[in-house]
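Inside the fold
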Protein chains: 2
Amino acid sequence: MRHEPPWPDDDDMMRVAIEEARTGFAEGGVPVGAALATRTELLGSGHNERIQRHDPTAHGEIACLRAAGRRSSYAGTTLYTTLSPCPMCSGAIILFQIPRVVIGERRTYAGDVDFLRSHGIEVIVQADERCVALMSEFQRLSPQVWSEDIGGR
Amino acid sequence: MRHEPPWPDDDDMMRVAIEEARTGFAEGGVPVGAALATRTELLGSGHNERIQRHDPTAHGEIACLRAAGRRSSYAGTTLYTTLSPCPMCSGAIILFQIPRVVIGERRTYAGDVDFLRSHGIEVIVQADERCVALMSEFQRLSPQVWSEDIGGR
């Protein structure tokens, strides 16, 4: 008898998030992507569209949650994001009680992983070179837009 | 010589936020409205559109920030909201370093005003009966949607 892991395949789902980030980069946008999934289903994915939609709230995680639509519960879901979440996206994770977050990298933007963990959220931090490479390239090419996206920090 | 106050007229701007909330209520939505303004200019306003757009991230404050579009700085702005901000919207306020927030009421949803203040944000809490009446009516009519909107709390 095999026991299915309760979570999605992290490699597969991070690949979806990275594809979103690459799509954003190709569009000239901030290359952050995200995916929301249960063990058996991809519920939605999205990427940062600050530039594309002139929308400062369209971070990758927000675009992903928007794409996943209304849900009465996020139990059993994992949110994948190529970059450590900002305060707004961390707040969204806490609001909707998403139990598990997998972060592609936090070298180019640290976020506040302890804040998420203090709310009982399981946070897995990877050091994915694909994510680092995308963000490093964007920060080099567009430092002004990047600064704007994270509130001038 | 007259000294102009550095902030918008709070009564005028709260009226804009309440009009947004009423529009949302008339559309069958969650009646929370918001406005972003400088002393001299209304930058944007919006209302919760969870139901209307099937978008769980479209809280009033997020819709308002979206309507205001991209900004390199939020210095000198005040965010008006008819209801105390949730964790996601509080995170957005912190991310964009909005220096001042005026809250219509926090009786029907307390939010975390101390969290905002701990980030140096000036928070003014009113007890506006117009805001309380709208939210109370909505919570009575649609308790399930309301619960969904605040993550099942």
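Values in this document were obtained by computation on a predicted structure and should not be read as measured data.

Criteria and cut-off values
- Residues numbered from 1 in each chain as written.
- Chains lettered and ligands numbered in written order.
- Predicted model: local features only at pLDDT ≥ 70, side-chain atom pairs only at ≥ 80, totals over all residues.
- Heavy atoms only, no water.
- Pairing = 2+ DSSP bridges.
- Helix = DSSP H or I, 4+ residues; strand = E, 2+ residues; numbered from the N terminus.
- Axes fitted to C-alpha atoms, helices over the stretch in contact; angles between N-to-C directions.
- Contact = heavy atoms within 4.5 Å.
- Buried area = accessible area lost by both parts, 1.4 Å probe.
- Salt bridge = Lys/Arg side-chain N within 4 Å of Asp/Glu carboxyl O.
- Polar contact = N/O pair within 3.5 Å; in protein donor to acceptor, adjacent residues only side chain to side chain.
- UniProt positions renumbered as here; feature names shortened; annotations may be inferred.
- Buried < 20%, exposed > 50% of the residue type's maximum accessible area, 1.4 Å probe, protein only.
- Expected span 1.5 Å × (residues − 1).
- Nonpolar A, V, L, I, M, F, W, Y, C, P; charged D, E, K, R; others polar.
- Least-squares fit on C-alpha atoms with pLDDT ≥ 70 in both.

1. Some details on the sheet that holds strand β4 (residues 100-103) of chain A
All names here are of chain A. The 5 strands lie next to each other as β2-β1-β3-β4-β5, forming an open sheet whose pairing is mixed. Of all strands in the sheet, those bounded by a partner on one side alone are β2 (42-47) and β5 (122-125). Within this sheet the neighbouring strands show an average axis-to-axis angle of 15°, counted without direction. Here 5 bridges tie strand β1 (residues 33-37) to β2, and the two strands are oriented antiparallel to one another.

2. Here we look at the interface of chain A and chain B
At the interface, 32 residues of chain A touch 32 residues of chain B. Around 2,700 Å² of area is buried between chain A and chain B when both sides are counted, 63% of it from carbon and sulfur atoms. The interface formed by chain A and chain B holds 4 salt bridges in total. The closest approach of N and O atoms between Glu148(B) and Arg70(A), which form a salt bridge, is 2.7 Å. Between chain A and chain B we count 8 residue pairs in polar contact (both at pLDDT 80 or more) in total. Taken together, the elements giving at least two residues each to the side of chain A that touches chain B come down to α2 (50-53), α3 (60-68), α4 (87-95) and α7 (143-149) of chain A.

3. Some points on the UniProt feature "domain: CMP/dCMP-type deaminase" (unreviewed entry) in chain A
When the UniProt feature table is mapped to this numbering, "domain: CMP/dCMP-type deaminase" (unreviewed entry) covers residues 8-114 of chain A. Between the C-alpha atoms that bound residues 8-114 of chain A the distance is 23 Å, and the span itself is 38% helix and 18% strand.

4. A look at α4(A)
The buried fraction of α4(A) amounts to 8 of the 9 residues, a majority that puts the element mostly inside the structure. In the segment just after α4(A), Gln97(A) is the residue with positive phi, at about 55°.

5. As for helix α6 (residues 129-141) of chain A
In this model, α6(A) (13 residues) spans 18 Å end to end at C-alpha, consistent with the 18 Å of a helix rising 1.5 Å per residue. Those residues of α6(A) that are buried lie in contact with α1 (10-26) and α7 of chain A.

6. A closer look at the sheet that holds strand β3 (residues 78-81) of chain B
Residue and element names in this part refer to chain B. Strand order in this open sheet of 5 strands is β2-β1-β3-β4-β5, and the pairing throughout is mixed. The sheet is open, and its two borders are formed by β2 (42-47) and β5 (122-125), each paired with just one other strand. Ignoring which end each strand starts from, the neighbouring axes of this sheet average 15° apart.

7. Considering the packing of helix α3 (residues 60-68) of chain B against helix α4 (residues 87-95) of chain B
Residue and element names in this part refer to chain B. α4 packs onto α3 with a crossing angle of 35° between their chain directions and a minimal axis gap of 8 Å. Contacts between α3 and α4 involve Glu61, Ile62 and Leu65 from the former and Met88, Cys89 and Ala92 from the latter. Its residues assigned to classes, the contact of α3 with α4 shows 5 nonpolar, no polar and 1 charged.

8. Focus: the pattern of salt bridges
Throughout the structure, instances matching the rule amount to 26 salt bridges over all chains. A salt bridge links Arg107(A) to Glu129(A); the nearest nitrogen and oxygen atoms lie 3.0 Å apart. On the criterion of sequence distance, the pair formed by Arg107(A) in the loop between β4 and α5 (113-118) and Glu129(A) in helix α6 is long-range, its members being 22 residues apart. As a salt-bridge pair, Glu19(B) and Arg22(B) come within 3.5 Å of each other at their nearest N and O atoms. Note that Glu19(B) and Arg22(B) are positioned in helix α1 (residues 10-26) at a spacing of 3 residues, about one turn of the helix. On the basis of relative accessible area, Arg22(B) is assigned to the partly exposed category, the value being 39%. Several salt bridges converge on common partners, so that one network encompasses Arg50(A), Glu148(A), Asp149(A) and Arg70(B).

9. A short note on the environment of Arg100(B)
All names here are of chain B. Along the polypeptide, Arg100 turns up in strand β4 (residues 100-103). Take Arg100: its relative accessible area is 5%, and that puts it in the buried class. C-alpha of Arg100 to C-alpha of Thr23: the two residues are 77 residues apart in sequence and 25 Å apart in space. Not counting the four nearest positions on each side in its chain, Arg100 is found in contact with Trp7, Pro8, Asp10, Thr77, Thr78, Leu79, Tyr80, Ile121, Glu122 and Ile124.

10. Overview of the relation of the copies chain A and chain B
Expressed as a screw operation, the relation of chain A to chain B combines 0.0 Å of axial shift with a rotation of 180°, fitting to an RMSD of 0.0 Å. In the structure described here, the two chain copies are related by an operation that fits a two-fold rotation axis. Of all interface residues in chain A, 100% are interface residues in chain B too; the two copies therefore contact each other through one and the same surface.

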